[in-house]
Amino acid sequence: MPQQPTIDQHLLHRLAGLARLRIEPDQEPELQRRLQAIVAAFADLPTDGEADTDGLPLPLRPDTASTPPGIDVVLTNAAQVADGQFVVPRVLDA
Amino acid sequence: MSASLAGTAADLATRIRRGDCSAREVTAACLERIAAHDGGLRAFVGVAAERALRAADRIDDRRARGEALGALAGVPIAWKDNLLVEGELATAGSRILEGFRAPYTATALARLERADAVLLGRTNLDEFGMGSSTESSAHGPTRNPVAPHLVPGGSSGGSAAAVAAGFCPIAIGSDTGGSVRQPASFCGVTGLKPGYGRVSRFGLIAYASSLDCVGAIARTAEDLALWLDAVAGRDDADPTTLPDAPPVFDRVVAGRDLRGLRVLAPREWHADGIDGEVLRRTEQARSQLAALGAAVGEGRLPAARHAVKAYYLLATGEAASNLARYDGVHFGPRRAAAGIDPTTATRTWGFGREVQLRILLGTFALSYGYSEQFHDAAERARAALRADFARAFERCDLVVAPTSPIPPFPIGETETDPLRRYLVDALTVPASLAGLPALSLPCGTTADGRPIGLQLIAPAGKEDVLLRAAHVFQLATTHHLARPIA
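What counts, and where the lines are drawn
- Residues numbered from 1 in each chain as written.
- Chains lettered and ligands numbered in written order.
- Predicted model: local features only at pLDDT ≥ 70, side-chain atom pairs only at ≥ 80, totals over all residues.
- Heavy atoms only, no water.
- Pairing = 2+ DSSP bridges.
- Helix = DSSP H or I, 4+ residues; strand = E, 2+ residues; numbered from the N terminus.
- Axes fitted to C-alpha atoms, helices over the stretch in contact; angles between N-to-C directions.
- Buried < 20%, exposed > 50% of the residue type's maximum accessible area, 1.4 Å probe, protein only.
- Salt bridge = Lys/Arg side-chain N within 4 Å of Asp/Glu carboxyl O.

J.: I'm lost on the sheet that holds strand β3 (residues 118-123) of chain B in this one. Help?
T.: Strand pairing in a sheet relies on backbone hydrogen bonds. The paired strands run either parallel or antiparallel. All names here are of chain B. Spatially, 11 strands are ordered β1-β3-β2-β4-β6-β5-β10-β11-β9-β7-β8 in an open sheet, and the strand pairing comes out mixed. The sheet terminates laterally at β1 (44-47) and β8 (295-299), the two strands that pair on one side only. Averaged over all adjacent pairs, the angle separating strand axes in this sheet is 30 degrees, with direction ignored. Across 6 bridges, the pairing between strand β4 (residues 170-175) and strand β6 (residues 213-218) is antiparallel. Pairing of G173 across the sheet is with G215, part of β6.

In structure tokens form, the structure reads like this:
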């Protein structure tokens, strides 16, 4: 039988960190329970057989020059703009 | 109902081309009907009234100048709010796209405009297409025109409700695991998911890119054939689109009987876990297919028993990746919160509960130590299902099944256990995983009047066979003619 992983608090925190989501402490038990139920039910997929993805088409876009939308258009929906550029939040401590 | 809105989209376009009525008259009638009835239903999250009337006037002017008009001349069409129309809002039913205005138009909608359709407005959906009831939308739920206490299905619930309420003859949706077919079934209308790659996804806000398909909802298969011919075909902006295929409309409407058509009903899909009334109605529909000349037999699709698991692992993995772009930098508002970075603060604020759950599940399925047992196993299950369908289509032309194992349920009573909720998709996800064209058409109701849909699934590239069979069924039946709002 395939092993059933346990969604413990440590794993939940790791997943939330990877997904850039914050889980409030009072929501953790419920979320843990839900994810555990799904993972337990999905753990019995057959491990034999081949995923024949080689035969699937993997088309590429033609490598041709085109005119992209102007900078103004691209920046229209930005959260914050300065001097025609996206303002990116600080991710490292100063 | 206004006389100008009666009949099919095909009839409407013919009348407008002939000058029996104007495009403005028809568009104005749709807008009036929406104003009168959508307050209680909320099929639309935004009506593009001025844009639509301007487009209608341009069509009328061109007709007045003697120019030839397209196949969808003056036909008002709504679009699901996860497709882009330049200059219009596009929210995908999520707070995280609050205020987002599309910088370009989706190919599937640009081609409708090229065929002289009138784009009417944006319809409600489950957030990012993740749901089966349209209750997870940041805009609030949509109600089913058949009975307002019921959900319209989802995720294209707004589009299905718009057609069922008679707001427009065609509404565009998207179908990742059943999001066109299931709401069509719940609202008593007809919904088509073309095969993967038949219609461009350029300008469709991505949920799960290997499964997402642009589809449409209408009253009749005839109108869906008209729609498909207008939008299908190669698009360099979406490298996964298939080469152009011959148009289907003439072959579809020429259908008069089903002689020579072989239909297979998988035993697994007509058994335990399916509501009794759904079983009875779909079995009656199978008998009607046989009475129309089809050879209906039973068969098996054993790998389908893993379809829901495979679907949710693959779809959520792709969603976790696709939704990484909502980082509080490129699109939508940015949020701040004490002690966490702005990206985490924005995503935690902007995504609803179901979307967050699916992102976490997808992150798990793809993460180190688990991807082989979950994501890779799901890929193998998908390959096994494709092989099952290939074997089945060696001895049949269509697979038939109920669209949903249950009829529409009341708003607010959606199962809170996610596992049981996901199992409701058991009959629609197999065609999605295999990339096959599939359709839902009305085949009756429960004793208390809730619509039931029949699903047909065709081999890749056989949308014409699918639509023709549905058209013949609709010539012989009246289920699709019911109008819940006079």
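J.: What exactly am I supposed to notice about the pairing of strand β10 (residues 438-445) of chain B here?
T.: Looking along a regular strand, one sees side chains alternate from face to face of the sheet. All names here are of chain B. Of all the 8 residues making up β10, 7 are buried; the element is thus mostly covered by neighbouring parts of the structure. Across 6 bridges, the pairing between β10 and strand β11 (residues 451-457) is antiparallel. What sits directly across from P442, in β11, is G453. Hairpin geometry of β10 and β11 is characterised by an intervening segment of 5 residues between the two adjacent antiparallel strands and by a positive phi of about 90 degrees at G449.

J.: What's the story with the pattern of salt bridges in this structure? I'm lost.
T.: Two side chains bearing opposite charge may form a pair once their charged atoms approach each other closely. This structure, assessed with the given rule, holds 27 salt bridges over all chains. When salt bridges with common partners are traced through the structure, they connect R62, R65, E67 and D116 of chain B into a single cluster.

J.: Can you walk me through unusual backbone geometry in this structure?
T.: For residues other than glycine, phi is negative in most cases, and the peptide bonds are mostly trans. Omega for the bond connecting G154 of chain B with S155 of chain B falls within 30 degrees of zero, at 10 degrees, which places this linkage in the cis form. Although it is not a glycine, D83 of chain A sits at a positive phi angle of roughly 50 degrees. Along the polypeptide, D83 of chain A turns up in the loop between β1 (81-82) and β2 (85-86). Despite not being glycine, A92 of chain B shows a phi value in the positive range, around 55 degrees. Inspection of the secondary structure assignment puts A92 of chain B in the loop between β2 (76-80) and α4 (107-114).

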